[in-house]
Amino acid sequence: MTPEVQVTLGHSPDSDDAFMAYALSEGLVDTGGLRYRVVQHDIQTLNKMAMAGSLDISAVSAHCFALICHEYAVFTHGASFGRNYGPCLVVRDVVEPTELRGKRIAVPGLLTSAYLGLRMFLREFDAVPMAFDQIMEAVRDGEVDAGLVIHEGQLTHREFGLTQVWNLGEWWNGESGGLPLPLGLVVVRKALGPEVMATVSAHLKASITYGFAHRPEALAFSKQFARDLSTSIVDRFVAMYVNDLSTDMGDTGRLGLQAYLERAHGAGLLRQMPSIDFIP
């Protein structure tokens with residue numbers, strides 16, 4: 001590999017992504033001649049950048065991956081799966097979730113896996129895209145009828161006086177017979193070629209392993225992106241989404257991803273069933 005190779009690595013400012021990218025971002029992994037230019041954006045922005053092909057490696061939503069699968073492959077590590085938990089629908093005044101059909105619901109982007117799941121469940125509603133960290137305030141202030149909450153808001157929405165009335169992870173667990181819920185993936189541009197993709201894969205694995213081995217330091221790094229949340233909340237959130245499936249999604253994770261996209265395709269929410277190239 002030439003010493004001048006540089007690639008762009010995108011991760012979102014949520015704790016689980018930051019935890020896994022910690023060692024790479026801080027130069028704690030020996031990357032040899034490969035240089036990483038790290039960029040941080042919210043997941044919807046990363047999705048759009050990947051759609052435009054402007055990132056070599058990036059965290060993206062599983063939903064977004066379905067639309068870029070011809071250009072990008074999926075690493076079998078670095079993913080965020082929920083096990084009977086996930087993004088949730090929150091309201092100010094408690095209602096049955098099915099009563100929200102046709103209502104105004106704030107969503108964290110039309111390319112997110114959370115949005116895709118809510119479409120599978122509710123089908124018809126008036127989606128109001130907004131930044132993920134503005135959703136709970138919008139629900140609290142009555143600007144929308146409900147909000148689809150991702151990231152640490154899954155743990156903190158009660159502080160805004162909001163109530164969860166539906167949880168995507170719980171719904172998917174029941175619908176899929178216990179498969180994990182695929183939310184975020186790390187993808188790599190196929191045009192980089194097999195050698196570079198394999199090298200990046202090894203570096204990403206090393207970064208995740210380093211985070212587990214140096215958890216306090218990795219959590220401290222993650223906390224700077226966590227929007228003034230307490231260390232305990234950051235710790236809980238990282239524990240939810242950085243787990244054994246993040247190290248290797250295995251057959252269970254692959255089946256979860258395949259089934260989720262197949263369900264969306266069957267519901268008419270994806271034009272075609274994506275082909276999935278996995279990079280171990």
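See the structure above.
Since this is a predicted model, take the numbers as computed values, not measurements.

Reading the values: rules and limits
Residues numbered from 1 in each chain as written. Predicted model: local features only at pLDDT ≥ 70, side-chain atom pairs only at ≥ 80, totals over all residues. Heavy atoms only, no water. Pairing = 2+ DSSP bridges. Helix = DSSP H or I, 4+ residues; strand = E, 2+ residues; numbered from the N terminus. Axes fitted to C-alpha atoms, helices over the stretch in contact; angles between N-to-C directions. Phe/Tyr/Trp six-rings, centres within 6.5 Å; stacked < 30°, edge-to-face > 60°. Buried < 20%, exposed > 50% of the residue type's maximum accessible area, 1.4 Å probe, protein only. Parallel < 35°, antiparallel > 145°, perpendicular 65-115°, else oblique. Contact = heavy atoms within 4.5 Å. Nonpolar A, V, L, I, M, F, W, Y, C, P; charged D, E, K, R; others polar. Core = buried A, V, L, I, M, F, W, Y, C linked by side-chain atoms within 4.5 Å.

A.B. asks: Report on the sheet that holds strand β10 (residues 163–167), specifying residues and quantitative values.
C.D. replies: Strand order across the open sheet formed by five strands is β8-β7-β9-β6-β10, with mixed pairing between neighbours. Of all strands in the sheet, those with a lone pairing partner are β8 (126–129) and β10, marking the two edges. On average, each strand axis in the sheet is tilted by 30° relative to the strand beside it, whichever way the strands run. Where strand β6 (residues 88–91) meets strand β9 (residues 146–149), three bridges bridge the pair, whose relative direction is antiparallel. Bridge pairing in β9 links Val 90 to Gly 147.

A.B. asks: Residues and numbers for the packing of aromatic side chains, please.
C.D. replies: Per the stated rule, a full pass over the model turns up eleven aromatic pairs. Ring geometry for Tyr 22 versus Phe 221: centroids 5.2 Å apart, planes at 45°, classification tilted. Separated by 199 residues along the polypeptide, Tyr 22 in helix α1 (residues 15–25) and Phe 221 in helix α9 (residues 215–223) bring together distant segments of the chain. Given the relative accessible area of 8%, Phe 221 is considered buried. Both rings, one in Phe 121 and one in Trp 166, keep their centres 4.7 Å apart while their planes meet at 15°; by these two values the pair is stacked. Within this pair, whereas Phe 121 is found in helix α4 (residues 113–122), its partner Trp 166 is found in strand β10, the two being separated by 45 residues in sequence. Summarising the burial analysis for this pair, Phe 121 and Trp 166 share the class buried.

A.B. asks: With reference to specific residues and values, describe the pairing of strand β3 (residues 57–61).
C.D. replies: The buried fraction of β3 amounts to five of the five residues, a majority that puts the element mostly inside the structure. Here β3 shows a buried face lined by Ile 57, Ala 59 and Ser 61 and a second buried face lined by Ser 58 and Val 60. Bridge analysis of strand β1 (residues 6–11) against β3 gives two bridges, and the strand direction is parallel. Bridging from a neighbouring strand, Gly 10 pairs with Ser 58 of β3.

A.B. asks: Go over the packing of helix α7 (residues 168–176) against helix α12 (residues 250–266), please, and point to the residues and values.
C.D. replies: The N-to-C vectors of α7 and α12 enclose an angle of 95°; their axes lie 12 Å apart at closest approach. Comparing the axis directions of α7 and α12 gives the class roughly perpendicular. Across the interface between the two elements, Leu 168, Trp 171, Trp 172 and Glu 175 from α7 touch Gly 256, Ala 259, Tyr 260 and Arg 263 from α12. A breakdown of the residues in the contact of α7 with α12 according to their chemical character gives five nonpolar, one polar and two charged.

A.B. asks: Please provide a residue-by-residue account of the nonpolar core, values included.
C.D. replies: Counting 89 residues, the largest nonpolar core has Ile 57, Phe 65, Leu 89, Ile 105, Leu 118 and Leu 185 as the members making the most contacts within it. Broken down by element, the residue count for this core peaks at seven residues, all from α4. Ignoring any residue separated from it by four or fewer positions in sequence, one finds Ile 105 in contact with Leu 89, Leu 100, Leu 118, Leu 122, Phe 125, Asp 126, Ala 127, Val 128, Ala 146, Gly 147 and Leu 148. Counting twelve residues, the second largest nonpolar core, distinct from the first, contains Ala 138, Val 139, Val 144 and Leu 162.

A.B. asks: Run through unusual backbone geometry, naming residues and quoting values.
C.D. replies: We note that Arg 123 has phi near 65°; this positive angle belongs to a residue other than glycine. Among the structural elements, Arg 123 can be located in the loop between α4 and β8. The exposure class assigned to Arg 123 is partly exposed, which follows from its relative accessible area of 38%. Although it is not a glycine, His 151 sits at a positive phi angle of roughly 55°. With respect to the helices and strands, the residue His 151 is situated in the loop between β9 and α6 (153–156). Judged by relative accessible area, which is 10%, His 151 ranks as buried.

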